Amino acid sequence: RIMRPDDANIAGNVHGGTILKMIEEAGAIISTRHCNSQAGEPCVAALARVERTDFLSPMCIGEVANVSAEITYTSRHSVEVQVNVMSENILTGAKKVTNKATLWYVPLSLKNVNKVVEVPPIQYARKEQEDEGKKRYEEQKLDRLETKQRNGDVILPVINPEPHTVGYSQSSLIHLVGPSDCTLLGFVHGGVTMKLMDEVAGIVAARHCKTNIVTASVDAINFHEKIKKGCVITVSGRMTFTSNKSMEIEVFVDADPFVDEPRERYRAVSAFFTYVSLSKEGKPLPVPQLLTETEDEKRRFEEGKGRYLQTKAKRQAQMQQQQAAQQ
Amino acid sequence: RIMRPDDANIAGNVHGGTILKMIEEAGAIISTRHCNSQAGEPCVAALARVERTDFLSPMCIGEVANVSAEITYTSRHSVEVQVNVMSENILTGAKKVTNKATLWYVPLSLKNVNKVVEVPPIQYARKEQEDEGKKRYEEQKLDRLETKQRNGDVILPVINPEPHTVGYSQSSLIHLVGPSDCTLLGFVHGGVTMKLMDEVAGIVAARHCKTNIVTASVDAINFHEKIKKGCVITVSGRMTFTSNKSMEIEVFVDADPFVDEPRERYRAVSAFFTYVSLSKEGKPLPVPQLLTETEDEKRRFEEGKGRYLQTKAKRQAQMQQQQAAQQ
Amino acid sequence: RIMRPDDANIAGNVHGGTILKMIEEAGAIISTRHCNSQAGEPCVAALARVERTDFLSPMCIGEVANVSAEITYTSRHSVEVQVNVMSENILTGAKKVTNKATLWYVPLSLKNVNKVVEVPPIQYARKEQEDEGKKRYEEQKLDRLETKQRNGDVILPVINPEPHTVGYSQSSLIHLVGPSDCTLLGFVHGGVTMKLMDEVAGIVAARHCKTNIVTASVDAINFHEKIKKGCVITVSGRMTFTSNKSMEIEVFVDADPFVDEPRERYRAVSAFFTYVSLSKEGKPLPVPQLLTETEDEKRRFEEGKGRYLQTKAKRQAQMQQQQAAQQ
């Protein structure tokens, strides 16, 4: 679809969150279709996890987003979908890859939302594809178990914070979950949640560096808990790490089922977003260093640095592989 | 209501689809109200057909759209509504007719969606009005039967198409039908469908001529099949004909009831949109000729030419009638 | 959240209606949460009244709106909420108070929408706070009874009105109430209604003075009647009074439950909006005097003048109090 003014920031760059929402919608459609393709129990695919994704080039207002999705692996109870997004300038015809994402869905029964339905297996062209998919499946399963533990953190307001401290840029918003945010089952679309998360992360990044900022990448996001229609969700973000030209922001989503349910507020999702600051010509600008004050902030900064260096190393290894393959 | 940035293209012209959506909403309201005006079965009017409509002058961001609707004919099971749209520049006070449309609605029972309720008859000021309405009713009924046949076509992707061929500009989008797209009965508003159709047709036109384009007219659209909440709809468009200064685009809407229903994908709507290309001063520009390659493309081009010449002849006849009447 | 192009007029000023909608959403969340905080009947808070609010400084596209809400008084069956809105320019860090509003909510049972649930009492820091709250409670109760009477007025179309008469600028719009406009109970959010009212009032003001206009204040609004999903609402506005630099517009909301219900059209809400006209530099401009023609128009003009002078006197008294307190 064509990108509209409301999809973009003032500089005309489409929000990463808008793109994540389109990706998730495409993934939900293809996996729901697949899971209903055999005469079984009617079901709706719910987003369980999004793998790390990089935003390779910004999309602009007036461009057309081309989204394509493909099922790349199925386990007994989950579907792996690969989604590619291309931006197309329909006036010049120029096309660019915006990003590629891998999503995991779980089919939930339409009749009983707590029941996971069996997934029809797909056919693989080569045996290796199945083996590689299985490896990816095991890896993400492990990672999901791990993140389930570290979810106790809360962001507290800070009075009169100094510029470039964590408290200075931290932000939160609340959103009442309405019918248009939800699937047929009455749960929030994963894409809606990701769009709100990107909105908060973007406010944190802009408050910190006071320039035009864009989403550079999103770390793997796990959706442990469904969020029901009528909940209030609180999305909070704080900066955890800065390199010379990038900022890492941690975002939490807490759901508050305050009507018609006997549950406490709970942590539904958390994730790391990376932003860069862009000049008017679209070149990355240096960002102010984050000032850490407490022990916790220093620890999170070091952890962020670890993720940053790991990603950098992975990317270099990939580039060397590609160069080796081309020789 | 006031036209907003999201209602318009980059040049500030309001999308034809936004206007079609407003027209349909007005028509649905007046005909639903009429069909519930007597103590009968509660019902909701569903769009069955829109007659050909011309966009006489473009509307711009910040202008106010004035929509007025009137019931002009009732048969036993259908209602004809005439809707007029005026654009008003509230700063200068200037008003222009944007377009006029005729829509046909069928009242469906709120309790049983497959039951068509009886329509209370309206009073006519003169007997001729009833006779003319009846003639229009018979004509559209015939046309609806005809289009029901020619609905088997599918648009296939083309690899590396040459500029200005049919494959070069053809486009499609998918949309998951959510609650805010639907009526009280859980079916997609006709206006929502037309807005998506106009969006795809606009992308096809812009890809072909790479300039600012606007909707000039829409041929009669028949809504043979309802589309239910939860469906995925695929809207595809291809260029069928070009004159010196206009492009005709055929648009298909296919619905895919992939959850909770044992139906195959089906063709819900199809229609022809005509676009013109505008210079910065708002003058029509010449458009590149469409290059037809296959036999089918050549046949469709000739059919499009037929429609083009027929419309042109009708318009000239009307102008002569008007001139004769003025003398 | 960040203000988007669709939230604002062509000059980039955010619509008062968008701000009212955010205020009401915050109020609905905090009061629904409070009323469900004790193990009682699940309920949803419905807006009963908004006190008069002044828009102290305009908000612009790209700024972040910070909305904070606090419960300030509870009676047995109602909750008073104080909501503050700050606009923040995230690039410069500048913050300004946009407006403060006081809202009254009534908790309705989720199981039986006609039953008002009991409100858990709040704790007051000082006894005076409770007494002042009780005084405000009694005052608004009285005012709600009064407005319930004067609701019979209807706005009729005028043919060829003269510039600057009442008929010249009067306006109305219709809106079909869809699922995304509604609460869990299936009734329109008060904030949605206020946004539409501001839209109509803004069109009336722009038609009258043909310049860039912004909402300056909104008088107390009472929500006597709920509006159900599927209704058509007609929002109409007419100018009642002009001072040298402000315009007062009266807005009516009529609901038409034309499907599935045996009710007549009824007046759901009415309110007075005050607008000012701004130059390109954001300075207030003189507005053309309203030309009154009929006896009713003259009476309404005098009543409007009364409200204007009363507000002016109140504001001066407050300023003197503040000056006295500072000395």
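All of these numbers come straight from a predicted model, not from anything done at the bench.

Within chain A one finds 5 helices and 12 strands. Relative to the compact-globule value of 20 Å for 327 residues, chain A shows a C-alpha radius of gyration of 20 Å, a close match. Projected onto its principal axes, the C-alpha positions of chain A cover 60 × 60 × 40 Å. With 327 residues in all, chain A has 54% of them scored as buried.

Next up on the list: the relation of the copies chain A and chain B. If you rotate chain A by 120° and push it 0.1 Å along the axis, it lands on chain B with an RMSD of 0.0 Å. Both chain copies can therefore be described as sitting about a three-fold axis. For chain A, the minimum C-alpha distance to the rotation axis belongs to Ser180(A) and amounts to 3.4 Å. The residues that chain A uses at the interface reappear at the interface of chain B in only 15% of cases, marking distinct surfaces.

Residues and elements named next belong to chain B. Note that Ser57 resides in the loop between strand 2 (53-54) and strand 3 (64-74). A distance of 3.3 Å separates a polar side-chain atom of Ser57 from the backbone oxygen of Val97. Look past the residues within four positions of Ser57 in its chain and what remains in contact with it is Lys96, Val97 and Thr98.

Taken as a whole, this structure holds 18 aromatic pairs over all chains when the rule is applied. The interplanar angle of 40° and the centroid separation of 6.1 Å between the aromatic rings of Tyr73(A) and Tyr137(A) together place this pair among those described as tilted. Taken as a pair, Tyr73(A) in strand 3 (residues 64-74) and Tyr137(A) in helix 2 (residues 127-149) lie far apart in primary sequence, 64 residues in all. This pair shows no difference in class: Tyr73(A) is buried, exactly as Tyr137(A) is. Ring plane angle 35° and centroid distance 6.2 Å describe the contact between Tyr73(C) and Tyr124(C), whose orientation is recorded as tilted. With Tyr73(C) in strand 3 (residues 64-74) and Tyr124(C) in the loop between strand 5 (95-109) and helix 2 (127-149), the pair connects residues that are 51 residues apart, well separated along the chain.

Each copy superposes on the other: chain B lies on chain C with an RMSD of 0.0 Å after a rotation of 120° and an axial shift of 0.0 Å. Comparing interface residues between copies, only 15% of those in chain B also sit at the interface in chain C, which points to a heterologous contact through distinct surfaces.

We now examine the pattern of salt bridges. Counted according to the given criterion, the structure contains 51 salt bridges over all chains. A salt bridge links Glu118(A) to Arg76(A); the shortest N-O distance between them is 2.7 Å. With Glu118(A) in the loop between strand 5 (95-109) and helix 2 and Arg76(A) in the loop between strand 3 and strand 4 (79-88), the pair connects residues that are 42 residues apart, well separated along the chain. Among the residues examined, Glu118(A) registers a relative accessible area of 44% and is labelled partly exposed. Ionic pairing is found between Asp219(B) and Arg52(B), a salt bridge with its closest N-O pair at 2.8 Å. On the criterion of sequence distance, the pair formed by Asp219(B) in the loop between strand 7 (212-218) and strand 8 (221-223) and Arg52(B) in the loop between strand 1 (43-50) and strand 2 is long-range, its members being 167 residues apart.

Moving on to the interface of chain B and chain C. When the parts of a complex come together, some accessible area is lost, and that lost area is often used as the size of the interface. Taken together, the contact between chain B and chain C spans 27 residues of the former and 22 residues of the latter. Here chain B meets chain C over a buried area of about 2,100 Å², counting both sides, of which 66% is carbon and sulfur. Among the residues chain B hides against chain C, the three largest losses belong to Ile29(B), Arg33(B) and Leu91(B). Together they make up 25% of the total. Inspection of the chain B/chain C interface yields 2 salt bridges.

Residue and element names in this part refer to chain A. Relative to the assigned elements, Ile221 resides in strand 8 (residues 221-222). Ile221 sits in the buried class, given a relative accessible area of 0%. Distance in space between the C-alpha atoms of Ile221 and Met197 is 11 Å, their sequence separation being 24 residues. The contact partners of Ile221, leaving out residues within four places of it in the chain, are Ala48, Arg49, Val50, Met194, Val269, Ser270 and Ala271.

We now examine the UniProt feature "domain: HotDog ACOT-type" (unreviewed entry) in chain A. When the UniProt feature table is mapped to this numbering, "domain: HotDog ACOT-type" (unreviewed entry) covers residues 1-111 and 167-281 of chain A. For residues 1-111 of chain A, helix accounts for 18% and strand for 41%, while the C-alpha atoms at its two ends are 33 Å apart.

What follows is about the domain arrangement of chain A. All names here are of chain A. Considered domain by domain, chain A is made up of domain 1 (2-140) and domain 2 (166-325). Summarising the inter-unit geometry, the C-alpha centres of domain 1 and domain 2 are found 19 Å apart. Put simply, domain 1 and domain 2 have 2 salt bridges between them. Between Asp54 and Arg315 there is a salt bridge whose closest N-O contact spans 3.9 Å. Counting across the interface, domain 1 meets domain 2 through 11 residue pairs in polar contact (both at pLDDT 80 or more). Elements with a contribution of two residues or more to the side of domain 1 that touches domain 2: helix 1 (16-35), strand 1 (43-50), strand 2 (53-54) and strand 5.

What follows concerns the interface of chain A and chain B. On the chain B side, the residues contacting the 27 residues of chain A number 22 residues. For the pair chain A and chain B, the summed buried area comes to about 2,100 Å², and 66% of that belongs to carbon and sulfur atoms. Across the chain A-chain B interface, the total number found is 2 salt bridges. The salt bridge partner of Glu88(A) is Arg207(B), with a shortest N-O separation of 2.1 Å.

All right, on to the UniProt feature "active site" (unreviewed entry) in chain A then. All names here are of chain A. UniProt feature "active site" (unreviewed entry): in the numbering of this structure it lies at Asn9 and Asp198. Taken along the chain, the residues just named run across 190 residues; in space they keep tight, none of their C-alpha pairs more than 12.1 Å apart. Within the element layout of this structure, Asn9 appears in the segment before helix 1. In this structure Asn9 comes out as buried when scored by relative accessible area, which is 17%. Residue contacts for Asn9: discarding those within four places in its chain leaves His15, Asn212 and Ile213. Along the chain, Asp198 falls in helix 4 (residues 190-209). Residue contacts for Asp198: discarding those within four places in its chain leaves His15, Gly16, Gly17, Thr215, Phe273 and Tyr275.

Let's shift gears to the confidence of the model for chain A. Summarising the model, chain A shows a mean pLDDT of 89, and 97% of its residues fall at 70 or more. Confidence metrics for the complex model read pTM 0.81 and ipTM 0.72.

All names here are of chain A. End to end, helix 5 (residues 295-326) covers 47 Å across 32 residues, agreeing with the expected 46 Å (1.5 Å per residue, within 8%). Within helix 5 the residues assigned to the buried category are Glu297, Arg300, Phe301, Gly304, Arg307 and Thr311. The inward-facing, buried residues of helix 5 abut helix 3 (166-169), strand 9 (232-242), strand 10 (247-256) and strand 11 (266-278).

Residue and element names in this part refer to chain B. Relative to each other, helix 1 (residues 16-35) and helix 4 (residues 190-209) sit at 170°, their axes nearing to 8 Å. For the element pair helix 1 / helix 4, the angle class is roughly antiparallel. Between helix 1, through Gly16, Gly17, Thr18, Leu20, Lys21 and Glu24, and helix 4, the contact on the second element is made entirely by Gly190, Gly191, Val192, Met194, Lys195 and Asp198. Its residues assigned to classes, the contact of helix 1 with helix 4 comprises 3 nonpolar, 5 polar and 4 charged.

This part covers the sheet that holds strand 8 of chain A. Residue and element names in this part refer to chain A. With antiparallel pairing, the 5 strands of this open sheet are ordered in space as 3-4-5-1-8. Single-partner strands in this sheet number two, and they are strand 3 and strand 8. Summarising the sheet, strand 4 and strand 5 pair through 10 bridges and their orientation is antiparallel. Its bridge partner lying in strand 5, Val79 is registered against Tyr105.

Even without being a glycine, Asn160(A) presents a positive backbone phi close to 45°. Along the chain, Asn160(A) falls in the loop between helix 2 and helix 3. A relative accessible area of 71% places Asn160(A) in the exposed class. In this structure, His164(B) is a non-glycine residue whose phi angle is positive, near 70°. Its location among the elements puts His164(B) in the loop between helix 2 (127-149) and helix 3 (166-169).

Time to look at the state of the cysteines. Disulfide: a covalent bond formed between the sulfur atoms of two cysteine residues. A full pass over the atoms with the stated rule returns 0 disulfides over all chains. Cys209(B) supplies the cysteine sulfur nearest to Cys60(B), a cysteine that is in no disulfide, at a spacing of 18 Å. Classification of Cys60(B) as partly exposed rests on a relative accessible area of 31%. Just so you know, Cys231(C) is unpaired, no disulfide at all, and the nearest cysteine sulfur is the one on Cys182(C), 8.9 Å from it.

What counts and what doesn't
Residues numbered from 1 in each chain as written. Chains lettered and ligands numbered in written order. Predicted model: local features only at pLDDT ≥ 70, side-chain atom pairs only at ≥ 80, totals over all residues. Heavy atoms only, no water. Helix = DSSP H or I, 4+ residues; strand = E, 2+ residues; numbered from the N terminus. Rg over C-alpha atoms; globule rule 2.2 N^0.38 Å. Buried < 20%, exposed > 50% of the residue type's maximum accessible area, 1.4 Å probe, protein only. Least-squares fit on C-alpha atoms with pLDDT ≥ 70 in both. Contact = heavy atoms within 4.5 Å. Polar contact = N/O pair within 3.5 Å; in protein donor to acceptor, adjacent residues only side chain to side chain. Phe/Tyr/Trp six-rings, centres within 6.5 Å; stacked < 30°, edge-to-face > 60°. Salt bridge = Lys/Arg side-chain N within 4 Å of Asp/Glu carboxyl O. Buried area = accessible area lost by both parts, 1.4 Å probe. UniProt positions renumbered as here; feature names shortened; annotations may be inferred. Domains from an automatic or database assignment. pLDDT = per-residue confidence, 0-100. Expected span 1.5 Å × (residues − 1). Axes fitted to C-alpha atoms, helices over the stretch in contact; angles between N-to-C directions. Parallel < 35°, antiparallel > 145°, perpendicular 65-115°, else oblique. Nonpolar A, V, L, I, M, F, W, Y, C, P; charged D, E, K, R; others polar. Pairing = 2+ DSSP bridges. Disulfide = S-S within 2.5 Å.

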